[in-house]
Amino acid sequence: MLVLNEVASNNRSLYSNSYGERPDYIEIYNPTSEDVELSRVMLRDGSGAIWIGEEGIISAGGYQIVEASGGVHTGDATFMLDSEGDTLELMVDGMETDRLSTGNLPKDVLWARFPDGGDWLPTIYPSPAATNGEDPGDSLEPSDRLFQLDHLVQIEISLSQQS
């Protein structure tokens, strides 16, 4: 049974895709010992919009990231997540396997399960396509991610040209 495992509905710096964009995202986790074909998987948001998986598999114990960009790129969800609260329904073969109502979260705070597949808790520590670990951390202040001693922070600065 697949489950929703991490949902970022107000992403400003949590996750960046290969295009350098920062879309909201949904992580699906496969806690079972069997691979699941993506073509069997659907997501539906609160508006009724649907994403249907295409080619590929979610490996046993693996993760699948679905970018909620409004369908900007091939494979993205055709919907965007509502930062003031949304409902997500995960289905396999038309049967609901998981559901989440996100509620309103501040920028760069996301919902994640601790441990993977466990209880939903808000956190500022994203782990798209990787384990969430055991601890969501104590802070919900996104700037606290900058001052950690156990990892390197990447900061991108863009400056506009002046005429």
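Everything below is about the structure shown above.
Residues numbered from 1 in each chain as written. Predicted model: local features only at pLDDT ≥ 70, side-chain atom pairs only at ≥ 80, totals over all residues. Heavy atoms only, no water.

Caption draft 1: Highlighting the environment of Asn132. Within the secondary structure layout, Asn132 lies in the segment after strand 11 (119-123). When its relative accessible area of 10% is taken as the criterion, Asn132 is described as buried. Along the primary structure Asn132 and Gly61 are separated by 71 residues, whereas in three dimensions their C-alpha atoms are 13 Å apart. In this structure the side chain of Asn132 is engaged in a polar contact, spanning 2.5 Å, whose partner is the side chain of Ser127. (Helix = DSSP H or I, 4+ residues; strand = E, 2+ residues; numbered from the N terminus. Buried < 20%, exposed > 50% of the residue type's maximum accessible area, 1.4 Å probe, protein only. Polar contact = N/O pair within 3.5 Å; in protein donor to acceptor, adjacent residues only side chain to side chain.)

Caption draft 2: Looking closely at the sheet that holds strand 2 (residues 24-29). The strand order across the open sheet formed by 5 strands is 7-2-1-10-11, and the pairing between neighbours is antiparallel. Either end of the sheet is taken by a strand with one partner, and the two such strands are strand 7 (63-68) and strand 11. Neighbour to neighbour, the strand axes of the sheet diverge by 30° on average, direction disregarded. As judged from the 6 bridges shared by strand 2 and strand 7, these two strands associate in the antiparallel manner. Directly across from Ile28, in strand 7, lies its bridge partner Gln64. (Pairing = 2+ DSSP bridges. Axes fitted to C-alpha atoms, helices over the stretch in contact; angles between N-to-C directions.)

Caption draft 3: Local environment of the side chain of Ser127. Following the sequence through the fold, Ser127 ends up in the segment after strand 11. The class for Ser127 is buried, based on a relative accessible area of 14%. Side chain to side chain, Ser127 and Glu6 meet in a polar contact 2.9 Å long. At a separation of 3.2 Å, a polar atom in the side chain of Ser127 contacts the main-chain carbonyl oxygen of Thr131. Leaving out residues up to four positions away in the same chain, Ser127 has contacts with Glu6, Tyr25, Glu27 and Asn132. (Contact = heavy atoms within 4.5 Å.)

Caption draft 4: Summary view of the pattern of salt bridges. In the structure shown here, the tally under the stated rule is 5 salt bridges. Here Glu89 and Arg99 are joined by a salt bridge, their closest N and O atoms 3.7 Å apart. Taken together, the positions of Glu89 in strand 8 (residues 87-92) and Arg99 in strand 9 (residues 95-101) put the pair 10 residues apart, joining distant regions of the chain. Put simply, Arg44, Glu89, Glu96 and Arg99 are held in one network by salt bridges that share partners. (Salt bridge = Lys/Arg side-chain N within 4 Å of Asp/Glu carboxyl O.)

Functional significance is not addressed by these values, which are geometric in nature.
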